[in-house]
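Tertiary structure, described
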Amino acid sequence: MSDKNLDIDLKSINTDEGFFAEFERPTQEQWKEAAIAALKGIPFDKVMYTDTYEGIRIEPIYTAEDIKDLPQVNDKPGFQSYVRGTKAEGFLATPWLIAQEIWESKPEDFNTEAKFDLEKGETAVTMVLDKPTLHGCDPADAEAQDVGNRGLSLATLEDMSTVLKGIDVEKVPFLCHSGAVSMPLLSLFAAAVKSAGKDMAKVKACIGSDPIAELASNGTSTVALEKAYDDMYEVLTWAEKHAPQLESIFIQGHPYHNAGAASNEEVAAALATAAEYLREMINRGLSVDQVAPRIRFAFSLGSNFFMEIAKLRASRMLWAQIVEAFGGCEESQKMKIHGRTSAFNKTVFDAHVNMLRITSEGFSGAVGGVDSMHLAPFDEPIRTPDRFSRRIARNVQIMLQEESHFTMPIDMAGGSYYIEALTDEFAKTAWSKFQKIEAAGGIVKALETGLLQGMVTDTAAKRRKKIEARQHEILGTNMYANLIEEKIEAPVIDRDQLKAERVAAVAASTKTADLEPLKKSAQGKAVALALSAAEAGATLGQITAALAADQKPGKSVEPLQQVRAAEPFEALRKRAEDLKAKSGKTLQVFLANMGPIPQHKPRADFTRGFFEVAAAEVLGNEGFATAEEAAKAAIESGAPVVVVCSSDKTYPDYISTLVPMIKKARSEVTVIVAGRQKPDVEESFRAAGVDGFIHVKANCYALNKQLQDKYMEAL
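Starting afresh in each chain, residues are numbered from 1 along the sequence in its written order. Residues qualify for local features only when their pLDDT is at least 70, as the model is predicted, and side-chain atom pairs are given and counted only at 80 or more; totals for whole chains, interfaces and linings, by contrast, use all residues. Based on all heavy atoms of the structure, the side-chain values leave hydrogens and waters out of the count.

Time to look at the pairing of strand 7 (residues 205–209). Counting buried residues along strand 7, five of its five residues qualify, which places the element largely inside the surrounding structure. Both strand 7 and strand 8 (residues 246–252) contribute to a ladder of three bridges, which runs parallel. The partner of Ala205 across the bridge, within strand 8, is Leu246. A 1.4 Å probe rolled over the protein chains alone gives each residue an accessible area, and that area as a share of the maximum for its type sets the label: buried under 20%, exposed over 50%, partly exposed in between. Secondary structure follows DSSP: runs of H or I at least 4 residues long count as helices, runs of E at least 2 residues long count as strands, and numbering of each begins at the N terminus. Only strands that DSSP links by at least two bridges are regarded as paired with each other.

Following this line, the structure appears as C-alpha cells:
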C-alpha cells in the first residue's frame, strides 16, 4: 500500500464523530449485555467492579459521559486548576529532576558517589540523613548502631564542605529532608556554599523540615512544635533575602503511606500539614505568598498505577484550592511534588522483583507529573544500595525521559476517560478526609486524639487481611516464592568502629564557638547567627541545642507503625531458614495426590505455592490410585502435615478411608484438604479427622504460622 493511500485530511474529520463514524457506536447497555454473555453465568457485579483502599469503586468501563461535566477537563497545562501540571510547556523544556537518594555514611564517600551518579545522568543530589543527624545530634552523643545507618552522618562545616566538594551547587539542585527543623542543617549548607565561593541566591535547593511528620513517625518530636514553627519562620524570612530559590518546608507523605494508609489518606494528611504550616506562618506575620512557594511535597508512589497518577493530578488541584482560600496568588498555588517509589511494597526475598515495581511506579510518577523523583534501587530494603543497583534505578528514569520520551506530550494522561474520572473521584475523597482532619482541629489535634492514626490503622488492617489471604499479591513473597534464589547479602559493618571514626572526624574539625548570641537571638536574626556559629566551628548538635535552649517539652502522640507489607511473610520464611541452618530440619508437607495427574495437579500446584511462601519443604508425587497407598506413603514420609489434593467430585471416595488411617498411625499429623467445600461436606470431612482446608480465600499467613509454631514446639 502506498503512502498516498494512507493520507488523511485532518480538516475533514468530524471531531464529534471521530475516525470511525461509519461504524455503529454501541451504547453502554449493549456493551454490558455483551459482557454478561461473555462471562457465561459469572455474576457481572461480582467480577467487573474493583473496590480500592481509597473507598473508590472502579467501574468496568469509562466513557465520555463520565467526564462531560468535569470542569477541570478543559483546563490548560500551567493554568488553574493545575490538574494538567504547573508548567504550560510540561516537561518539554525541562524534564523532572532525576533525584536519586544516596545513603553513604561518611561525607567523603557520599561526595564520591554523588559525583559518580551525576556523571552518569543524575540531575539532582538527594541527601538522606542518618537518625542522629536528622534529630540534630552529633555522633559522639548517638548510639553506635544509628551512626551512618541508612544515611549520611553529618555534623560540621568540614563535613558539609566535603559533601559539596567538586559539585557546582549553582547548577546542581540539592534535596534533603532535614527533620523537625531545617536551620541547623541549612546553616552548615549555606556556610559550605559560601566557603566554596558560591552564592546562595543562585542555589536551587530544598533543605526542608516537617516537624509534624516527625511527630507522626516517632510519637515525639526532638523539637517542640512551637519552637519548630519559630525555626520555620526564621528560615523563611532569611531565605527571602538571601536564598530566593530555597524551599525550606519539605512535607513528607511517606510516614502515612509506609504505615499502610490509602493514597487519599496520605494526600489528606500532607495537605492538612501544609495548611497547618500556612496558618502558623501567617500568625507570625508572613503572607501566604511568602510561604507556599517554598513548600515541596514528597509523596510515595505506590503499586496501583492509575491511582497514583490520579493522586498526583488531584493533589495539585486540591493544593491550588487551599492556597487560593488563604488568599494566595496563582503562582503560589502551584504545587511542587517530589515522588519517591514506595518503601512499603518492597521485598527482601526475590528482591530483583523490586526492579519491576519501581519501573511501574516511576511510570506513574512521570505520567502524573512529578517535579523530582527517586526510584528505589532493588536492594534498598536490605543494605546501602551499591553502584550497580543505583545504576539500574537511575537508568529507569533516564529511559523514561530519553528513550520512552515521557517528556511529551504534555499531560499524557489528559483526556483519558478513566484517569480523568478517577482524578475527580480521588480529589473528592481526599478532600473529604482533609475536611475531617480540619474539623478535628487540624492535623496536630487529629494526631493527639488518634483520629488520623485510627484512619490509617483501619486501612492497614484491610491491607494486611488481603495480604495474608494472598488476595493482595506480593510477587516472590506471598505468591510464587523462589526458594532457590541467590540471596542478596548485607555487608557486616562494625558500627562501633564507624562511630569512632565519625567522632574523631568531628572532633578534629570542631572549634570553640560562642553560642550565647544564638541562644538569645532576636526575631529575624537566628539564621545569620547560626550561620556565623557554623563558620566559627560549631557542630550541628551544638547549633540545635542552642536553638532549643529555652524550649518546653514537645507533644507526644501514638506513633504510626512503619512496616513493609511483606514483613510478616518474610519473618515466616526467615524463621524456617534459620531453623534449617541451625538444625538441618524443615517443616515438611506431604501431598496426598489422589488419582491421575489431571485430577490432582491444579490443587497440588496451589498447595505447593501455599506452603513454600513459608519455606516449607513440599513432598510431591505423581499420585496414588487408592487411599491405602496414599496413607502408607504419608505415614512413612514422617511429614507433620498432609494435604489431600484431588477434585471435589472424588474427595468423598478417599477422605473417609485415607484420613482415619493417617490419624490412627500418627494422631499428631495435621491433615488438610485442598479446596473450599460446601458446609455440609466440610462438616463430614472434619468428622473423618480433617483439620482444615486451604483455598484462595484462606489466610495463608495465619495457617503457615500456626503450623510453624506447632512444629517448632514439637522439636
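Okay, the domain arrangement of the protein chain next. Residue ranges assigned to the domains are those given by an automatic or database domain assignment. Domain annotation of the protein chain identifies domain 1 (71–469) and domain 2 (567–714). Distance from the C-alpha centre of domain 1 to the C-alpha centre of domain 2: 47 Å. In what follows, residue pairs with any heavy atoms lying within 4.5 Å of each other are defined as contacts. Listed per partner, the contact involves six residues of domain 1 and eleven residues of domain 2. Summing both sides of the interface, domain 1 and domain 2 together bury roughly 710 Å²; the carbon and sulfur share of this comes to 57%. The quantity reported as buried area is the accessible area (1.4 Å probe) lost by two parts once they are put together, taken as the sum for both. When the buried surface of domain 1 facing domain 2 is broken down by residue, Phe349, Glu468 and Ala469 rank first, second and third, together holding 79% of it.

Our next topic: the sheet that holds strand 12 (residues 588–593). The five strands lie next to each other as 13-12-14-15-16, forming an open sheet whose pairing is parallel. Two strands bound the open sheet, and with one partner strand each, they are strand 13 (617–619) and strand 16 (692–694). Averaged over all adjacent pairs, the angle separating strand axes in this sheet is 30°, with direction ignored. Relative to strand 13, strand 12 runs parallel, the two being bridged by three bridges. Bridge pairing in strand 13 places Phe590 opposite Leu619. An axis is simply a line fitted to the C-alpha atoms; with a helix, the fit covers only the stretch in contact. Between two such axes, the angle follows the N-to-C directions and lies from 0 to 180 degrees.

We now examine the packing of helix 25 (residues 627–637) against helix 26 (residues 651–665). Two elements in contact, helix 25 and helix 26, have axes separated by 9 Å at closest approach and are oriented at 30°. As far as their axial angle goes, helix 26 and helix 25 are roughly parallel. Like other packed secondary-structure pairs, helix 25 and helix 26 cross with a definite hand, here right-handed. Facing Ala627, Glu628, Ala630, Ala631, Ala634 and Ile635 of helix 25, the residues of helix 26 in contact are Tyr654, Thr657, Leu658, Met661, Ile662 and Ala665. Three residue categories are used. Nonpolar comprises Ala, Val, Leu, Ile, Met, Phe, Trp, Tyr, Cys and Pro, charged comprises Asp, Glu, Lys and Arg, and polar comprises the others, including Gly. Residues of the contact of helix 25 with helix 26, tallied by class, amount to ten nonpolar, one polar and one charged. Roughly parallel here means an angle under 35 degrees, roughly antiparallel means over 145, roughly perpendicular means 65 to 115, and every remaining angle is called oblique. For a crossing to be left-handed, the near helix must be turned anticlockwise from the far one by less than a right angle; the clockwise case is right-handed.

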